[in-house]
Structure formats: C-alpha cells, structure tokens
Amino acid sequence: MIFFLLFIFSLNLKLNFFPYYLGGVLGVLGLINLIFSLKKNRINKEFFYLLFILMLIPFFYSISLIYNQTSDFYYLKTFFINNLVYLFSAFFLMQFFQKKINIFLYNEYILNLSKVVLLQLGLSLIMYVSPMFFDIIFYIIAMERDADLLKNFNDSRVVGFGISFFGAGVFYSLVLVLLADFISKNKSNFLIIVYLIIVVVGIIISRTTVIGFIFSLIIILWNYRSNVNLIGLLLLLLSMLGFTLLYFVNKDEEIKKIVEFGFSFLYDYKNSQALESLGTLFEMFNILPSKFSTWIIGDGQFGNQDIYYMNTDVGYFRIIFASGFFGLFLFFFVHLYMLVKIRSNYISNFTKIIIFVMLLILNLKGVASFFVLLVLPFLFSIYFRKTIDND
C-alpha cells in the first residue's frame, strides 16, 4: 500500500474517467488530517513556516498581475497549487506511514521510491515497444500534452509514463543523487542495480539525466574511501550494461533509435540532437527582460506546457518574466529551507549542497523543481526528530 501511494504521489497521475488528479485526492485527505491535527495542537511550526513561504508566491505574483493587468493561471498552478497539493499529500503519507510502520524509516522511503522509478521506467519501455500498450495507457491515463503528439514522439524516443522529457530528467537526476548518497552509507546490491538501470534507461528517456549521473558520481567519489568496492562494482556493471546495449543495437532497429537518441552525444556529438538542443538553448539566453519592472516583479505571464512566454525555455528567465526576482528568490528559498531542515542522517550535508547546485544548473535548461521528492524527507525530519533510524 505504501508503494502504491508513493507511486501516485510521485507521478501525480490523472485518470481520463476521473475529473481530478489522484495526487489531489491525497491532498484533500492530507488537509483533513491537518485540520484534525490542528484541533489536537500537533502541528509543527516548521510545517507552517514552509506553508507561509508557499503563500508568498501568489502574494507577490498578484502584484505583477495587478501592475501589468494580465492573468496567467498556469504559473500559480505550477509553483503554488501543485506544491500545496504535494505538501498536503505528503502530510497524509506521513500519517499513513506512521500508522503502518510505527516510525518512518528513511530507508523505507528510498526503497519504495526506487521501486516506483523501476516500475515507471518499465512501463515507459513497454509503451515504446508496444503501440497497443501505449494506446491502452493513454486511454486510461490523462496527459497534459496531446496524445497524438506524444505518439509521434514515441516513434523515435521513449515517452515516459506519467512524467516525460525534461521533467523526467529532473526527476531521475534527483533520484540518482539520493541513491548515491544512500548507497554510500548503506550497501545494498538491489539499490546499486536500480541506480544503474536509472542511469541507462533514464538517459534514453531524457538526456538531462546525465546531470544527475555526474553529480551522483561526485557523491560516490567524495566518499571513495568507504566506496572502493562500490566504485569497482559500478564500473563492472556499467561495462556489462554497455556491452549489452551494443549487442542489441546491432540486432534491433528500434533499440538502436532510442540508444542513439540518448547516447549519440558521446560518440557523434557534432551530429547529435544534443548539440542542436544546446544551440537553441544558447539562443534563448539572448531573450532578456527589456524593462526594469520586469526584472523586479515580472510581466505576470508564464505560458503553458506548449507555449512559453517570450519563447524561452530557460528556467530562470521564465520565472523572472512571470514574477521577477521576487518570484525567483522564493522558488529557490523554498528548496533551500527544506534542505536545511532535512536531517543530515537522511541526506548528508555534502549531498544537500550537491542537490542545490544541481537545481541551479538544471534551471539553466528549463524550469526544474525538486519539491515533490524533498517534501517527504522534510516532513519526517521535523516530525520525528527523536526517532532513531536504521539508516
């Protein structure tokens, strides 16, 4: 049951025959739990500090809307409503985990999160090799993007189940860093295998996963004295996976297409899609606010999943164009506050720095948020300070 709830929470799925996101249902349950906790005076002050910071997002954004006489609900949905739902959903999961296993163990979270990602990757690959399964999935699961457009993408690359493209790369990157931190302290053959699967399949789905792989390697190498055997094992298994991929590339045209999409930048960078994407990204850095007021409070426009305001995909500028430096500061401050409060025996202080630096880098490419994966460790940290964990 814990795995099922975490699967819904992490991917925030929406069914075609149900009007609301499943994560929204968890959010309502969390809000009900919150109300009952208020009556029993069991609310942690750090919880309300985070809630207060989130409430500042629509406050400052409303200033931009009033000043510019514009309206853009998608910005509020992305940075306020979604995070509010994640916060309430996480509060429900915390109560549920507490009832099921008495005290929350961080290794329980990592183990179940790993299983969630494994299932998501498996479903994504099946969707790619089986058009019929792809149609069945999108008959059941609602996607924000047009199904026909995704089907066209699925002919040449793997479309992630529930989360795809850049968003999938951001998701996998943080999972890789969390796994690297965990297996550096707790040896687990299962999690090592999961780590390697995410590296390979994650890059095939989204090349952005390379960022997470690089930073996760830094964490492993940082702890090299205790990870000598781990580093050797990773190199061995990566080599085995590489040779396996090369074998199937020569045997199957479909596999060749997705491997070339993910890894061609390693051996044919000049002709790879990665170079073209990088060139387009550099062009977007020339799209800057032309007014002082835009830098401070924004233009009040963000765009949706298909059309970005000012045709820029750069995360920093998208947020600045919407709500200025005030909005950009709040976006990063939310993450920084959670990271500071998360217990160091959950996520080491060095890894926290890595996570924040990775967040800064990923937002050079697009809007990248780690809220959904950090909010649970944050809540368990502030509610179970006196708990002695097995990790």
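Above: the structure in question.
Please read these numbers as outputs of a predicted model, since none were measured by experiment. (Residues numbered from 1 in each chain as written. Predicted model: local features only at pLDDT ≥ 70, side-chain atom pairs only at ≥ 80, totals over all residues. Heavy atoms only, no water.)

J.: Describe the overall build of the protein chain, naming the residues involved and giving the relevant values.
T.: Within the protein chain, the regular secondary structure consists of 17 helices and 0 strands. Here the protein chain holds 391 residues, and 53% of them are scored as buried. For the protein chain, the proportion of contacts with a sequence separation of at least 24, taken over those separated by at least 6, is 77%. (Helix = DSSP H or I, 4+ residues; strand = E, 2+ residues; numbered from the N terminus. Buried < 20%, exposed > 50% of the residue type's maximum accessible area, 1.4 Å probe, protein only. Contact = heavy atoms within 4.5 Å.)

J.: Residue-level account of helix α16 (residues 349-362), with values.
T.: Here α16 is 14 residues long and its end C-alpha atoms lie 20 Å apart, about the 20 Å a rise of 1.5 Å per residue gives. Of all the residues in α16, the buried ones are Thr351, Lys352, Ile354, Ile355, Phe356, Met358, Leu359 and Leu362. (Expected span 1.5 Å × (residues − 1).)

J.: So what about the pattern of salt bridges? Which residues, and what values?
T.: Opposite charge on two side chains permits pairing when their charged atoms draw close. Per the counting criterion, the structure on display carries 2 salt bridges. The partner of Glu46 in a salt bridge is Lys341, and the shortest N-O contact between them spans 3.8 Å. Of this pair, Glu46 sits in helix α3 (residues 45-68) while Lys341 sits in helix α15 (residues 315-341), and the two are 295 residues apart along the sequence. Residue Lys185 pairs with Asp181 through a salt bridge whose shortest N-O separation is 3.2 Å. Within this pair, Lys185 and its partner Asp181 are both found in helix α8 (residues 165-185), separated by 4 residues, close to a single helical turn. Exposure remark for Lys185: the relative accessible area of 38% places this residue in the partly exposed category. (Salt bridge = Lys/Arg side-chain N within 4 Å of Asp/Glu carboxyl O.)

J.: Which residues make up the environment of Ile258, and what values go with them?
T.: Turning to its location among the elements, Ile258 is positioned in helix α12 (residues 253-267). With a relative accessible area of 6%, Ile258 lands in the buried category. Between the alpha carbons of Ile258 and Arg157 there is a distance of 5.2 Å; along the sequence they are 101 residues apart.

J.: Go over the packing of aromatic side chains with me, naming the residues and quoting the values.
T.: With the rule as written, the count across this model stands at 27 aromatic pairs. Taking 6.2 Å as the distance between ring centres and 50 degrees as the angle between the ring planes, the aromatic pair formed by Tyr106 and Phe182 counts as tilted. Residue Tyr106 is located in helix α5 (residues 106-129), and its partner Phe182 is located in helix α8; the two are separated by 76 residues in the primary sequence. Take Tyr106 and Phe182: they sit in the same class, and that class is buried. The interplanar angle of 15 degrees and the centroid separation of 5.5 Å between the aromatic rings of Phe329 and Phe333 together place this pair among those described as stacked. With Phe329 and Phe333 both in helix α15 and 4 residues apart, the pair spans about one turn of that helix. Accessibility expressed as a relative area gives 53% for Phe329, which makes it exposed. What makes Phe333 partly exposed here is its relative accessible area of 31%. One aromatic cluster is present, formed by Tyr61, Tyr74, Tyr75, Phe79, Phe302, Tyr316, Phe331, Phe332 and Phe356 through successive ring pairs. (Phe/Tyr/Trp six-rings, centres within 6.5 Å; stacked < 30°, edge-to-face > 60°.)

J.: Requested: an account of unusual backbone geometry, with residues and values cited.
T.: Phi is positive for Asn12, close to 50 degrees, though the residue is something other than glycine. Within the secondary structure layout, Asn12 lies in the loop between α1 (2-11) and α2 (22-39). A relative accessible area of 16% means that Asn12 is categorised as buried. The phi dihedral of Asn311 falls on the positive side, at around 55 degrees, and the residue is not glycine.

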